[in-house]
Amino acid sequence: MKIKSATFVVSNSEVSKCPNTRIPEYAFIGRSNVGKSSLINMLTNRKSLAKTSGRPGKTQLINHFLINENWHLVDLPGYGYARVSKKDKKYFQKFITDYFEQREQMISAFVLVDCRHEPQKIDMEFMEYMGEKEIPFSIIFTKADKLRPQALERNIEEYKRIMLEGVWWEFPNYFVSSSSDGTGQDEILNYIEEINSN
Ligand code: GDP
């Protein structure tokens, strides 16, 4: 897919206020600093469509961007646990789970993980949550330029091992990306185009 246009639409803190259209959308999510803003800018060939972080405590918003006038790219905030109950039970922020459970336009999500790090508990739990709710997603291993190919492969194998030993029957669809050298751009955009055309 060629990017012909990419424009910011709106930011919301609640799913009920997200654009009231039938435009299909694809959501990007991951822990803060995983490289999500850089990836969105790389995918859309824009320098600063999504604001790169660096400032902690960034407002937690659902950001909609309209791409090629026919799909929404949705930039979700970094997930974290919200400790809400007396028993210290942990949940993901409500507006994130509301988004995934209520947003009918959401076709497929991308869960970003830093390819250098071993599987983190919160990422595993978030993907398990997505699996339980049957929300389609792919993994994107970001910052691939920071590892040699062998080390990258080893880390992905480690993810596979841990997930398949856990609750997963099969390893989710995945991509490898680098915002520094453009790795993954064609693959991710073509994947979206393919789903969108069906
Ligand atoms: P966000 O918090 O997930 O939106 O992360 P950012 O996109 O702001 O990136 C966090 C940091 O990682 C910044 O210093 C980026 O320059 C750096 N970064 C992001 N993506 C890449 C990448 O693909 N390669 C390299 N080498 N650095 C990256």
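Just so it is clear, the model here is predicted, and its values are computed rather than measured.

1. Section: the overall build of the protein
For step 1, the next point in the chain: Per the secondary structure count, the protein includes five helices and nine strands.
For step 2, the next point in the chain: Secondary structure of the protein in N-to-C order comes out as β-β-α-β-β-β-β-α-β-α-β-α-β-α.
For step 3, the next point in the chain: A principal-axis box enclosing the C-alpha atoms of the protein has dimensions of 45 × 40 × 40 Å.
For step 4, the next point in the chain: Put simply, the protein has 198 residues, and 31% of those count as buried.
For step 5, the next point in the chain: Within the protein, residue pairs in contact and separated by at least 24 positions form 73% of the contacts whose partners lie at least 6 positions apart.

2. Here's the deal with the sheet that holds strand 8 (residues 137-142)
For step 1, the next point in the chain: Across the sheet, seven strands lie side by side as 1-3-4-2-7-8-9; this open sheet has mixed pairing. At either margin of the open sheet sits one strand with a lone partner, and together these are strand 1 (6-12) and strand 9 (174-176). Taken pair by pair, the neighbouring strands of this sheet meet at an average axis angle of 25 degrees, ignoring direction.
For step 2, the next point in the chain: The pairing of strand 3 (residues 62-67) with strand 4 (residues 71-75) spans five bridges and is antiparallel. Residue Leu-66 lies in a different strand from strand 4, and its bridge partner there is His-72.

3. Structural notes on the confidence of the model for the protein
For step 1, the next point in the chain: Per-residue confidence for the protein averages 91 on the pLDDT scale, and 91% of its residues sit at or above 70.
For step 2, the next point in the chain: The ipTM, which scores confidence in the relative placement of chains, is 0.99 for this predicted complex, and the corresponding pTM is 0.94.

4. Some thoughts on unusual backbone geometry
For step 1, the next point in the chain: Its identity as a non-glycine residue notwithstanding, Asn-33 has a phi of 80 degrees, on the positive side.
For step 2, the next point in the chain: Mapped onto the elements of the fold, Asn-33 is located in the loop between strand 2 (25-30) and helix 1 (36-43).
For step 3, the next point in the chain: Taking the number of C-beta atoms within 10 Å as the measure of exposure, Asn-33 has 14 and is therefore partly exposed.

5. Considering the nonpolar core
For step 1, the next point in the chain: Counting residues in hydrophobic clusters, the biggest one holds 39 residues, and the most contacted among them are Ala-27, Phe-28, Ile-29, Leu-76, Phe-110, Val-111 and Leu-112.
For step 2, the next point in the chain: Considering every element that reaches this core, the biggest residue donor is strand 7 (residues 106-114), with six residues.
For step 3, the next point in the chain: Beyond its immediate chain neighbours, meaning those up to four positions away, Ile-29 contacts Leu-76, Tyr-79, Ala-109, Val-111 and Leu-112.

6. A look at the pairing of strand 3
For step 1, the next point in the chain: Strand 3 sits mainly inside the fold: five of its six residues count as buried.
For step 2, the next point in the chain: Taken together, the six bridges between strand 1 and strand 3 define a ladder with antiparallel strand orientation. Each residue of the ladder has a partner; that of Val-10, found in strand 3, is His-64.
For step 3, the next point in the chain: Linking strand 3 back to strand 4 in an antiparallel pair, the connection comprises three residues, with Asn-68 at a positive phi of about 50 degrees.

What counts and what doesn't
Residues numbered from 1 in each chain as written. Predicted model: local features only at pLDDT ≥ 70, side-chain atom pairs only at ≥ 80, totals over all residues. Helix = DSSP H or I, 4+ residues; strand = E, 2+ residues; numbered from the N terminus. Buried ≥ 20, exposed ≤ 12 C-beta atoms within 10 Å, placed from the backbone. Contact = placed C-beta atoms within 7 Å. Pairing = 2+ DSSP bridges. Axes fitted to C-alpha atoms, helices over the stretch in contact; angles between N-to-C directions. pLDDT = per-residue confidence, 0-100. Core = buried A, V, L, I, M, F, W, Y, C linked by C-beta atoms within 7 Å.

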